[in-house]
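# Reading the structure
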Amino acid sequence: HSYLKSAWNVLDFLVVTMGYIEFLPMVNNNFASIRSIRVLRPLRSINSVPGLKVLVSSLLNSLSMMGNVLLLFFFLFLFFGLLGMQLFA
């Protein structure tokens, strides 16, 4: 069994690797994008709590549907914004 076959272990590996890259001498101290990976560190605890793993998996699976809802809201705001500009400008 390989460690990197599970998607959660790949995420854990990336978080730890990005944390170590920050300490390399060739990396500039102003590299904020690597420091922003620290936000993902709490996700490492997901493997230890099975219920949390199911919850996060279901949230990630619903992101595609949420994209459709956001697209619908964008068009609604655009439509009513244009309508308001035409009627009240």
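Heads up: the structure comes first, above all this text.
Presented here is a report on the structure given in the accompanying data block.

So, how was this worked out
Residues numbered from 1 in each chain as written. Predicted model: local features only at pLDDT ≥ 70, side-chain atom pairs only at ≥ 80, totals over all residues. Heavy atoms only, no water. Helix = DSSP H or I, 4+ residues; strand = E, 2+ residues; numbered from the N terminus. Buried < 20%, exposed > 50% of the residue type's maximum accessible area, 1.4 Å probe, protein only. Contact = heavy atoms within 4.5 Å. Areas by Shrake-Rupley, 256 points an atom, 1.4 Å probe, with all protein chains shown as cover. Expected span 1.5 Å × (residues − 1). Phe/Tyr/Trp six-rings, centres within 6.5 Å; stacked < 30°, edge-to-face > 60°.

## Some details on the overall build of the protein chain
Counting its secondary structure elements, the protein chain contains 4 helices and 0 strands. Along the chain direction, N to C, the helices and strands of the protein chain fall in the order α-α-α-α. Within the span of the protein chain, comprising 89 residues, buried residues form 11% of the whole. Of all intrachain contacts in the protein chain linking residues separated by at least 6 positions in sequence, the fraction that spans at least 24 positions is 41%. Total accessible area computed for the protein chain in this model is approximately 7500 Å², and 73% of it derives from carbon and sulfur atoms.

## Quick notes on helix α4 (residues 63–88)
Here α4 contains 26 residues, and its C-alpha end-to-end distance of 36 Å stays within 8% of the 38 Å for a straight helix at 1.5 Å per residue. Little of α4 sits out of view: just 0 of its 26 residues are buried.

## Focus: the side chain of Asn9
Secondary-structure assignment places Asn9 in helix α1 (residues 7–21). Here Asn9 falls in the buried class, since its relative accessible area comes to 18%. Filtering out sequence-adjacent residues up to four positions away, Asn9 remains in contact with Tyr3, Leu4 and Asn47.

## Concerning the packing of aromatic side chains
Under the counting rule described, the total for this entry stands at 2 aromatic pairs. Aromatic pair Phe79 and Phe80: ring centres 5.1 Å apart, planes at 70°, arrangement edge-to-face. In this structure, Phe79 and Phe80 share a single accessibility class: exposed.

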